[in-house]
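Listed here are the chains, written in short residue letters.
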Amino acid sequence: MKKEHITKFLTSHLFIVTAILILKIIFLRYLLFGEADITRALVLELSYILIFTTLIELIAGKWKPGAFLLLNLIFSTLFLAVVMYHAFFGRIVTYFALFQLGQVGTINESVSALIKPIYFLFFAEIVVLIILLLVRKYPIGNYSLNKKFLVLPLLLLAVIVSFVNFQAHKDEAISNNVLAAQEKGILNYEALEIYLGPEGQTAIETDISVENSAELMEEVRSLKGLEYIPPKERKFFGAAEGRNLIVIQVESMQSFPIGLELDGKEVTPNFNKLIEDSFYFPNTAQQTGPGNTSDAEFIVNTSLYPTAFNPTSQTFADRAFPSLPRLLKGEGYTTSTFHADDISFWNRNELYPALGIEKYYYGEFFGNEDVIGIGPSDEVMFNKAMPVLRESHMKNEPFYAQLIGLTSHHPFHLPKEHQEYELPEEFEGSLTGEYLVSINYMDRVINDFIEQLKKEGIYENSVIAIYGDHFGLQQSAIEQRDVDLVTELLGNEYQTIDRLKVPFILHAPGITDEGETFEQQIGQLDMMPTIANLLGLPLDDMVIFGQDVLNHQETLLGARYYLPVGSFWNEEILFIPEKGFEDGTAYDLETEEVIPDFEQYREDYDRVLHLEYLSDAYMKTLPVRD
Ligand code: GP9
Ligand code: MN
């Protein structure tokens, strides 16, 4: 080949843009996996990029410079989205989750807090190219390369290599989605996800039907090792029958700030007091999926597993769920929910009817006063909810009200005038410090709300449940300084077990007065059956995947979004698979140490996968709403 041909090729769009994109993907793999294996990146990723670049070379004609620039921009934006999503969720975004990124509008403050200057490297050369273009020093020649002997063979080769990669990894199930993308290739992984569809490898064929739900429940109990206890024999069954139910979901509240003191000052003085005459479960597993806050709302009302890879509020929004609101409505309760964000966020305008909640108060209802971060403060939310509750109380109607917090959302920027907690110097300016100040604010406003309930005469005749929706300090999204600070607070290394612990407080005057802290491992799925037991709802005709934890001590709970599919808690361990069971890790719940020999837990691993399968299958059989 003549030298001029080589020069022509090396300065062509095809070569330069392909090279730029492969460099970017190497950089991306480094950011995501800490990997610097260039050969592996070339083997796994290059062919997919080449398909795009050779196709443009073949068909773009005079639009070639613009088309290449556009391709470069699209891929660069996609790579940035992958990095940001990983920082936020600890997962590799899949194409269908990408479509949900419209949701980012509401949490844009959180997202921008995660951008690091180094990410601009994804766009650096595009800026340089534009400048060079402006000063007429554009280095890329607008040649037509030989189609027959160069571009077409390259395209063919790229398609063959991509196909081989695709086939080689098609049936390979890797639980950890980050590892899956690393081993299969990021673009290949996305192609496989498109091929498998939104349900992925868990696509379900089932003979379960709503009619045989009693059999299904029998199977669920047997998988979890639970005995059926008749209502009359259940402890606390109906102890709070007919009372109002007030459920407060606190945004991003983890367990560790509760009871915590910094320089002798309690972070949550009011929760600490409340716990003295409450049933308190500090070891409650976060089981939310990609729908975050809305998944927690879903779980507490249904005791079903949220769907694995999509927000349940999107996937099953058209159904009518057997739920706590529906049950209570049957008992003559009014049911309502309060949340100061826009109703369209997380598709709640569909989720609430799916859950059978009658009245929802959102957005405009709360006005524009005292906006903090995403919306009006939780102080405003509680104050505006009170007259609604008062009205039911005056009419002597029992009510179920769910109040969904917002103020303690990442990045925890609480305006000065609301900050009461004084941080020790070493916490100042840190995310951990700001988080604790936010939680302290929630502790205060919830206490004010409870005091108000007392004044209104509502308190005595109510059950109050308080819990956190999910973590606030996501290990992968926080800086080393914060990991160190939380580690110092915990007295042990801040790790997954701690990150996924949310508190669950059950307070019922006259019933929980003795106060008890239950150290057993429970999960968010258990909240609904436990509340239902107090209210005297037997749930015998329902399919639930949690259990009443005042009557059952056995534990088998899964999580599959923030942890790889197949992860579970039992009474002793938190298990996290990698590719599968064999290469997974078992953590002792008490010492948090790694247990080297965990073969004895294999059965629980299989069972939890089966439970999640049954939950998905059951949800599919639920009737579509009118
Ligand atoms: C938005 C709020 C926050 O309405 O619930 O959502 P999150 O980001 O925690 O899911
Ligand atoms: Mn949330």
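Cut-off values and rules
Residues numbered from 1 in each chain as written. Chains lettered and ligands numbered in written order. Predicted model: local features only at pLDDT ≥ 70, side-chain atom pairs only at ≥ 80, totals over all residues. Heavy atoms only, no water. UniProt positions renumbered as here; feature names shortened; annotations may be inferred. Near = heavy atom within 4 Å. Polar contact = N/O pair within 3.5 Å; in protein donor to acceptor, adjacent residues only side chain to side chain. Areas by Shrake-Rupley, 256 points an atom, 1.4 Å probe, with all protein chains shown as cover. Nonpolar A, V, L, I, M, F, W, Y, C, P; charged D, E, K, R; others polar. Pairing = 2+ DSSP bridges. Helix = DSSP H or I, 4+ residues; strand = E, 2+ residues; numbered from the N terminus. Buried < 20%, exposed > 50% of the residue type's maximum accessible area, 1.4 Å probe, protein only. Domains from an automatic or database assignment. Buried area = accessible area lost by both parts, 1.4 Å probe. Salt bridge = Lys/Arg side-chain N within 4 Å of Asp/Glu carboxyl O. Phe/Tyr/Trp six-rings, centres within 6.5 Å; stacked < 30°, edge-to-face > 60°. Right-handed = clockwise from strand over helix to strand, strands pointing away. Donors = N, O, S within 2.8 Å, 3.2 Å for Na, K, Ca; no water. Tetrahedral: all angles 85-135°; square planar, octahedral: opposite > 155°, others 65-115°. Expected span 1.5 Å × (residues − 1). Core = buried A, V, L, I, M, F, W, Y, C linked by side-chain atoms within 4.5 Å. Contact = heavy atoms within 4.5 Å.

As named in an unreviewed UniProt entry, the protein is LTA synthase family protein, taken from Planomicrobium okeanokoites. Per UniProt, the protein carries the Sequence similarities (unreviewed entry) text "Belongs to the LTA synthase family." The Pathway (unreviewed entry) field of the UniProt record for the protein holds the comment "Cell wall biogenesis; lipoteichoic acid biosynthesis."

Draft legend 1. Main features of the site of ligand 1. Around ligand 1 lies a shell of 12 residues, among which T293, H339, D341, R348 and H409 are the nearest. At a separation of 2.6 Å, an oxygen atom of ligand 1 approaches a polar side-chain atom of D341. Between ligand 1 and H470 there is a distance of 3.0 Å, counted from an oxygen atom to a side-chain nitrogen or oxygen. Contact with the protein chains covers 100% of the free accessible surface of ligand 1, which is 310 Å². Of the residues in the shell around ligand 1, the class split is four nonpolar, five polar and three charged.

Draft legend 2. How the structure looks around the sheet that holds strand β15 (residues 567-570). The strand order across the open sheet formed by five strands is β14-β15-β16-β17-β18, and the pairing between neighbours is antiparallel. Of all strands in the sheet, those bounded by a partner on one side alone are β14 (556-559) and β18 (594-595). As paired strands, strand β17 (residues 585-588) and β18 are joined by two bridges and run antiparallel to one another. Paired with A586 across the bridge in β18 is I595.

Draft legend 3. Quick look at the pairing of strand β11 (residues 501-507). Of all seven residues in β11, seven are buried; the element is thus mostly enclosed. In β11, alternate side chains face the same way, and those of K501, P503, I505 and H507 on one face and V502, F504 and L506 on the other are all buried. Where strand β10 (residues 462-468) meets β11, four bridges bridge the pair, whose relative direction is antiparallel. Following the sheet pairing, Y467 is matched in β11 by F504.

Draft legend 4. How the structure looks around the domain arrangement of the protein. Domain boundaries in the protein define domain 1 (3-197) and domain 2 (210-621). Once you take the C-alpha centre of each, domain 1 and domain 2 turn out to be 39 Å apart. For the pair domain 1 and domain 2, the two sides together bury roughly 2200 Å², of which 52% comes from carbon and sulfur. On inspection of domain 1 and its partner domain 2, the count reaches one salt bridge. Of the charged contacts in the structure, one is a salt bridge between E183 and K579, with a shortest N-O distance of 3.1 Å. For the interface between domain 1 and domain 2, the tally reads seven residue pairs in polar contact (both at pLDDT 80 or more).

Draft legend 5. Quick peek at the packing of aromatic side chains. In the structure shown here, the tally under the stated rule is 29 aromatic pairs. Summarising the aromatic geometry, the rings of F27 and F122 are spaced 5.1 Å apart at their centres and angled 50° between planes, so their arrangement reads as tilted. Of this pair, F27 sits in helix α2 (residues 13-33) while F122 is found in helix α7 (residues 121-134), placing the two residues 95 residues apart along the sequence. By relative accessible area, which is 17% here, F27 ends up buried. Between F345 and W346, the ring centres sit 5.1 Å apart and the planes meet at 65°, which makes this aromatic pair edge-to-face. For W346, a relative accessible area of 7% translates into the label buried.

Draft legend 6. Region of the structure containing the pairing of strand β6 (residues 359-362). As paired strands, strand β5 (residues 334-339) and β6 are joined by four bridges and run parallel to one another. The residue of β6 that forms the bridge with H339 is Y362. Tracing the backbone out of β5, into helix α16 (residues 348-355) and back to the parallel element β6 gives a crossover that is right-handed.

Draft legend 7. Region of interest: the pattern of salt bridges. Applying the stated rule across the entire model yields 21 salt bridges. With its nearest N and O atoms 3.5 Å apart, the salt bridge here joins E391 to K395. A salt bridge links R444 to E420; the shortest N-O distance between them is 3.5 Å. Of this pair, R444 sits in helix α18 (residues 431-456) while E420 is found in the loop between β9 (399-404) and α18, placing the two residues 24 residues apart along the sequence. For R444, a relative accessible area of 17% corresponds to the buried category. One continuous salt-bridge network, built from bridges that share partners, spans R29, E35, R40, E45, E183 and K579.

Draft legend 8. Structural view of the coordination of the manganese ion (ligand 2). Protein coordination at the manganese ion (ligand 2): the donors are E251 (OE), E251 (OE), T293 (OG1), D469 (OD) and H470 (NE2), at 2.1 to 2.4 Å from the metal. Seen from the manganese ion (ligand 2), its six donor atoms lie at angles of 55 to 167°, and the figure they make is irregular. Positions of the donor residues of the manganese ion (ligand 2), expressed as sequence spacing, correspond to E-x41-T-x175-D-H. Here H470 lies in the loop between β10 and α19 (480-490) and T293 lies in helix α13 (residues 292-302), a separation of 177 residues in the sequence. By the burial criterion, T293 is buried, and H470 matches it.

Draft legend 9. Molecular detail of α18. Over its 26 residues, α18 extends 37 Å from the first C-alpha to the last, a length consistent with the 38 Å expected when each residue adds 1.5 Å. Of all 26 residues making up α18, 19 are buried, and the element is well covered by its neighbours. Just downstream of α18 lies G457, where phi reads positive at about 80°.

Draft legend 10. Structural detail: the nonpolar core. Judged by nonpolar contacts, the single largest core of 128 residues is most densely connected at L28, L245, F321, F504, L535, F545 and W569. For this core, the element with the highest residue contribution is helix α4 (residues 64-89), accounting for 12 residues. Each of domain 1 (3-197) and domain 2 (210-621) accounts for three or more of the residues forming this core. Setting aside residues no more than four positions away along its own chain, W569 makes contact with A285, Q286, L500, Q521, T555, L556, L557, G558, A559, L563, L574 and L589. Formed by 58 residues, the second largest nonpolar core is a distinct cluster that contains I275, V445, I466 and L485.

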